[in-house]
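# Structure assessment
Given next are the chains, with one letter for each unit.
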Amino acid sequence: MSPLHSYFIFFFLLMAILLQSSTTSSQSNLCRSSCGNIPINYPFSIDDGCGSPYYRHMLICSDNNTKLELRTPSGKYPVKSISYSDPHLLVSDPFMWNCQDRDNFRPTRSFSIDSSTHFTVSPQNDYLFFNCNTEKVIVEPKPLFCERFPDRCDSSCDSSSYLCRHLPECGSALGSRVSCCSYYPKATQSLRLMLQNCATYTSVYWRSTGVENAPYDQFPEYGIRVDFEFPVTMKCLLCQETTKGGGVCGFNTRTRDFLCLCKRGNVTTYCKDPSLVKHKRVGAIAGTVTAVSATGAIGVAGGVYWYLRKVRAKAPVTCGVQSDENRIF
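Keep in mind that what you see is a predicted model, and the values were worked out from it rather than measured.

### Focus: the sheet that holds strand β6 (residues 88-91)
- Strand order in the open sheet formed by six strands is β3-β4-β5-β6-β14-β7, and the pairing between neighbours is antiparallel. Since the sheet does not close on itself, it has two edges, and those belong to β3 (59-62) and β7 (119-121), each with one partner. Strand-to-strand, the axes of this sheet are offset by a mean angle of 40 degrees, without reference to chain direction.
- Of the strand pairs in this sheet, β7 and strand β14 (residues 224-228) are connected by three bridges, and their pairing is antiparallel. For V121, the partnering residue across the bridge sits in β14 and is V226.

### Some remarks on the side chain of D47
- Among the secondary structure elements, D47 is positioned in the loop between β2 (38-39) and β3.
- Reaching out from D47, the side chain makes a polar contact with the backbone nitrogen of R32 at a distance of 2.8 Å.
- When sequence neighbours within four positions are dropped, the list of residues in contact with D47 reads L30, C31 and R32.

### Some thoughts on the pattern of salt bridges
- On inspection of all chains with the given rule, the structure shows eight salt bridges.
- Between K80 and E221 there is a salt bridge; the shortest N-O distance is 3.4 Å. Taken together, the residues span a long stretch of sequence, with K80 in strand β5 (residues 75-83) and E221 in strand β13 (residues 218-222) at a distance of 141 residues.
- Relative accessible area serves as the criterion here: at 15%, E221 is assigned to the buried category.
- The network of salt bridges with shared partners includes K80, R207 and E221.

### Structural notes on the state of the cysteines
- Across all of its chains, the model carries ten disulfides by this definition.
- The disulfide that involves C99 links it to C170, with 1.9 Å between the sulfurs. One disulfide, between C99 and C170, carries an S-S torsion of -70 degrees and so falls in the left-handed class. Linking C99 in the loop between β6 and β7 with C170 in the loop between α3 (162-165) and β11 (180-182), this pair joins segments that are 71 residues apart in sequence. Of the two residues, C99 and C170, both sit in the buried class.

### With respect to the sheet that holds strand β16 (residues 258-262)
- Sheet architecture is open: three strands sit in the order β15-β16-β17, paired in antiparallel fashion. In this open sheet, the two edge strands, each paired with only one partner strand, are β15 (248-251) and β17 (265-267). Pairs of neighbouring strands in the sheet enclose a mean axial angle of 40 degrees, with direction left out of account.
- Pairing of β16 with β17 involves three bridges; the strand directions are antiparallel. Paired with C262 across the two strands is G265, which belongs to β17.

### A closer look at the pairing of strand β8 (residues 125-130)
- Across the six residues of β8, five count as buried, placing the element largely inside the fold.
- Pairing analysis gives six bridges linking β8 to strand β12 (residues 200-208), with the strands arranged antiparallel. For L128, the partnering residue across the bridge sits in β12 and is T202.
- Two strands pair when backbone bridges link them, and β8 and β11 are joined in this way by three bridges, in the antiparallel orientation. Looking at the pairing, L128 lines up with S182 of β11.

About the criteria used
In this numbering scheme, every chain counts its residues from 1 along its sequence in written order. Local features in a predicted model are, by the rule used here, given only for residues with pLDDT of at least 70; side-chain atom pairs are given and counted only at 80 or more, and totals for whole chains, interfaces and linings are based on all residues. The basis for every side-chain value is the complete set of heavy atoms in the structure, and neither hydrogens nor water enter the calculation. If DSSP finds at least two bridges between two strands, the strands pair. Helix and strand labels come from DSSP, where a helix needs a run of H or I of at least four residues and a strand needs a run of E of at least two; each type is numbered from the N terminus. Lines are fitted to the C-alpha atoms to define the axes, a helix being fitted only along its stretch in contact, and any angle between axes, read from their N-to-C directions, falls within 0 to 180 degrees. Each polar contact in these results corresponds to two N or O atoms within 3.5 Å; when the atoms are within protein, one needs to be able to donate a hydrogen and the other to accept it, and residues that are neighboring in sequence are counted only if both atoms are side-chain atoms. Two residues qualify as a contact provided that any one of their heavy atoms is within 4.5 Å of a heavy atom in the partner residue. Any carboxyl oxygen of Asp or Glu within 4 Å of a side-chain nitrogen of Lys or Arg constitutes a salt bridge here. Throughout this description, buried means an accessible area under 20% of the type-specific maximum (1.4 Å probe, protein chains only), exposed means over 50%, and partly exposed covers the range between. Defined by distance alone, a disulfide is two cysteine sulfur atoms within 2.5 Å.

Right, here's the structure in full:
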């Protein structure tokens with residue numbers, strides 16, 4: 001192998017090392033903490049490698065970091081708010097009925113959540129169905145119907161629902177010719193069957209007022225409450241602890257293993273781990289690789305090219321045989 005080929009192999013190996021270092025350098029400054037006015041905290045993220053891998057690619061932030069959406073098998077839905085103390089998201093479905101529709105029912109689709117994820121549709125939601133086919137759907141006042149047919153109580157759609165008689169924000173939006181009933185589908189398939197026999201539907205979530213000693217502690221609001229699990233681990237708690245460096249919980253995008261994202265690099269424990277002190281200088285160098293990898297690669301390429309020209313100019317012609325005069329290594 002000629003010296004020229006040897007140096008080009010060396011150059012490409014060095015480039016591969018530089019690129020690998022750049023992909024493992026610190027991501028803590030790349031984890032956005034909000035989308036619009038909605039805070040993005042653990043376990044969620046809108047940047048890959050941040051937060052918990054359980055919710056990877058589930059939230060999308062678009063429109064210049066102003067619009068947050070939840071991705072589900074049935075589509076993408078605007079997120080209205082996120083609560084971390086009472087873990088849930090409140091999303092809206094543009095295909096559901098709203099007050100502006102009045103009795104003009106638009107084509108709709110069923111909202112669904114992938115059962116393999118750590119999201120669940122909250123039982124605190126009430127679903128209202130309009131103009132259902134009474135030959136296919138049991139539309140009855142639930143208290144009376146359940147007394148008469150207790151074994152079929154869960155299958156009935158309650159026509160005496162409080163929400164049907166007091167629609168939030170627009171109590172008189174529907175005329176007398178529109179029927180309404182309340183039913184909570186326990187599975188996505190049940191919701192699809194209901195929509196095959198009803199004109200449309202909407203979801204109402206009972207939201208806490210947050211006011212003590214108020215006459216009512218909840219009020220109805222249009223939207224879908226989606227509960228989520230909070231996968232807190234000891235590693236993440238140590239990583240976030242301010243006295244231990246105040247890192248950001250994340251994960252390796254290839255292996256999904258836990259990473260603590262620090263300002264000067266990523267670690268598997270926490271930012272101020274004493275066992276990492278002896279590697280501090282190495283970590284700092286790795287942390288700067290990202291910023292200078294492209295410049296460094298260009299510099300290395302230039303140096304290799306200059307050195308090859310110098311070697312070739314001085315080396316005696318030996319027909320490819322390495323001697324003491326032209327030996328490189």
